[in-house]
Amino acid sequence: MSRPDGGLITENNLQYYAGAQIIYTSVNLTTNYTFTFNTQLSLGSSTSWNPADPDYGLNNFLIYTSTNGISNWIPYVAVFTLTTNLNNSDSVIALAAQPLGIYVKVQLKADAVANNYGGYEYTSLNDVVYNFTVGYVGNQKIISDVKRTDIIFHAKRGLQEFSFDTLRSVKAQELSVPPSLSITLPQDYVNYVKMSWIDALGVKHTIYPTQLTSSPSASPVQDRAGNIIQDNFSENIEGTSQTNSRWQGANTRLITGAFNQQDLNDGLFMDWWGENWGYNGYYGQRYGLDPVTTQTNGWFNIDERQGTINFSSDLTGKLVMIEYISDGLAYDLDTKIPKMAEQALYLYIAHAILATRSNVNEYVVNRFKKEKSAALRNAKIRLSNVKLDEIVQVMRGKSKWIKS
Amino acid sequence: MAINVDIVYKTVLLILNKEQRGYMTPDEFNKIGTQVQLEIFNNYFDELNQQLRISDNDSEYGDRLKNIDEDISVFKTIGSATPIAANSNTFNLPTTSGVAATTQNFTGVANQISYPFTTITSSQLNSSVITVTINGVSTAAFTISGLNLVLDAVPAAGVGIVVTSTPEDFYMLGTVIYQDTQEAERIQRNELLYINSSPLTRPTTTFPLYLYENNQVTLYPTTIVNSVTVSYLRKPLDIIWNFTIPTGQNYYQYNPTNSVNFELGKKEQTNVILKVLLYAGVVVKDPTIIQVAASQIQQEQNNSKS
């Protein structure tokens, strides 16, 4: 395998695949060891070198020593300090003086290793800002001077915009629907992509948003005359939403028409013909059903005021998957740009700067607007990941009759 | 690279004396020479700004931007900024670049606390940072009184006293650098309020900001309390045409020791001589010299900027 040789890859295979780096002590009584992971080594606190420290679990690495560099790795539990090299962000660990011949290994924890996988696919936002400054700003360029703060602002806004419709930044949470039928929106939620419930085979079934109901933003308490009642702080007394309560307690089969024996026993409908075939086994009882609501996967609606997702009552206890998008800025790990969209982001920033600047010829702004759009279209096509073989596979289903 | 101060002085004297127009003393020349050098130096920044506004070329010797940068490059330097207090994010800028430090050695004499300067001049004392070491140990227990070093305590007899005068030559702030890698961006205080309030633009240690007020820089985020360096331009050194008067003679003889040349590039030699002559015309009250020198300078400027 190739070694880092001055290209963009800076980690060797051991660092990337195993999350480990081993340094041989070639000088007796060495104290400082420099580690060159892409991942910045971090301590939970300055005292968390100590395994007894409450923040020890927050360290993203472990240190081992060995006399042969192959086996008998002994955890290093003595005091050490961690600093960052001023010039290149390498991590420098100062241990107690190690004798000649000792191997020192830093092993990243599993999370840190996994987070680094596939990292070459992305460029960091910091690099985008630096690259843009080098490539687009300066004397004899269209943008002769610009505040770096402006570049950072537009780069982050660009990342947000791209996250919404261009980048493959869909996140997913797997949760169980509680008896309250209500789940809190994810912390970095911006919009949903898809809600599904998961069956015993692990297959997803789409849950649809409903137009049948909505969550009121306020449900003030009223007196008999219909007047809204205030408390001793002169503020409206807030009651429980009856709409939500009724929706959560609703028998959704009355909407879908998917009646069962229980409904029959409860007299919710009459089995005129005693037949047991047709939709859900009840022949002739579905006249006038709306196809939009004739499905058994359940519904959800989002209560923007409470910040919750409310599911219909037939989903109680079911495993659901919430797929959603964030804006790419919530966590440091998110703040990265696929290389396939890198050029689109540069042009987004350039256009944003030129379009908001005075005394820029309109034709220049328009040129960059077109270039930005073209680059964004390219990025979308690239990131949509359309592969010929996959299309062929899908098209093989064309000969199959789909019965309605 | 520098222009020899003796050549300039003698050329000026030659032109002045050609028709017995007058004479310029070394002291007058030193003052005028320093003034001329500063004037040309200051002019570089306006020229640079002018050149940045017009299209550039990439020729080897005709690239005006490159040429001006070459003129300025002599004065470019870098130094550490020191925090005004422990854990403070406000830093004092370096005052001296260390160029042209002058030292004078004394030997401690029993019962003597005052030592007269002979090498370090009064103008150097007034515009320099003075450091004193006694027997190799730095001390602040001294005062400067006129042209004398006055120690707070009598030093041991025979002990070595070294006085170093380093010119205060900070001229113009260039770039503020954090941890040798991150450039801090200069902002105004009103901008700081908005930038700090916006979650998208808030300063980070990767993209720090700074305020430049009262000869101090204040860095943000406030966690930046060390590892700050600044690039800056230092002021050109005051020129000195040093001399001795030979025994039994009554003329000044050039003494290269302790003389300070013009630091400007050699290509400025004509310009320097003409400008010195311009001021010399004022000194000797000869309008002809002023007119000739002024028109010559004007012509050179026209050529260089058109």
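Refer to the structure printed above.
Quantities reported herein were computed from a predicted structural model and do not represent experimental measurements.

The four strands are arranged β1-β7-β3-β4 (chain A) in an open sheet whose pairing can be described as antiparallel. Each end of this open sheet is capped by a strand with a single partner; those strands are β1 (20-24) and β4 (74-75) of chain A.

Residue and element names in this part refer to chain B. Ordered by their spatial adjacency, eight strands build an open sheet running β1-β15-β11-β12-β13-β14-β3-β2, and the pairing between neighbours is mixed. Edge positions in the sheet fall to β1 (76-80) and β2 (82-83), since each has one partner strand and no second. Relative to strand β15 (residues 228-234), strand β11 (residues 170-178) is paired through six bridges, and the arrangement is antiparallel. Residue pairing for β15: V176 is matched across the bridge by V230.

All names here are of chain A. Contact pair helix α3 (residues 125-136) / helix α4 (residues 148-165): the axes reach a minimum separation of 10 Å and the direction vectors enclose 130 degrees. Here α3 lies oblique to α4, going by the angle between them. Like other packed secondary-structure pairs, α3 and α4 cross with a definite hand, here right-handed. On the side of α3, the interface is formed by L125, V129, F132 and T133, while α4 contributes R148, I151, I152, A155, K156 and L159. Class assignment of the residues belonging to the contact of α3 with α4 gives a composition of seven nonpolar, one polar and two charged.

The partner chain B presents 24 residues to the 16 residues of chain A that form the contact. Between chain A and chain B, the buried area comes to about 1,600 Å², and carbon and sulfur atoms account for 51% of it. Remark: the boundary between chain A and chain B carries one salt bridge. One salt bridge connects E191 of chain B with K147 of chain A, and the closest N-O pair in it is separated by 3.4 Å. Elements with a contribution of two residues or more to the side of chain A that touches chain B: α3 and α4 of chain A. Here the side of chain A that touches chain B gets seven residues from one element, more than from any other, and that element is α4 of chain A.

What follows covers the packing of helix α8 (residues 342-355) of chain A against helix α9 (residues 362-383) of chain A. Residues and elements named next belong to chain A. Relative orientation of the contacting elements α8 and α9 amounts to 155 degrees, with a least axis distance of 8 Å. Classified by the angle between their axes, α8 and α9 sit roughly antiparallel to one another. Two packed elements cross with a definite hand, and for α8 against α9 that hand is left-handed. In contact with Q343, A344, L347, Y348, A350, H351, L354 and A355 of α8, α9 contributes V364, V365, F368, K369, E371, K372, A375, L376 and A379. Class assignment for the residues of the contact of α8 with α9 results in 12 nonpolar, two polar and three charged.

Criteria and cut-off values
Residues numbered from 1 in each chain as written. Chains lettered and ligands numbered in written order. Predicted model: local features only at pLDDT ≥ 70, side-chain atom pairs only at ≥ 80, totals over all residues. Heavy atoms only, no water. Pairing = 2+ DSSP bridges. Helix = DSSP H or I, 4+ residues; strand = E, 2+ residues; numbered from the N terminus. Axes fitted to C-alpha atoms, helices over the stretch in contact; angles between N-to-C directions. Parallel < 35°, antiparallel > 145°, perpendicular 65-115°, else oblique. Left-handed = near helix turned anticlockwise from the far one by under 90°. Contact = heavy atoms within 4.5 Å. Nonpolar A, V, L, I, M, F, W, Y, C, P; charged D, E, K, R; others polar. Buried area = accessible area lost by both parts, 1.4 Å probe. Salt bridge = Lys/Arg side-chain N within 4 Å of Asp/Glu carboxyl O.

The analysis is restricted to geometry; functional conclusions fall outside its scope.
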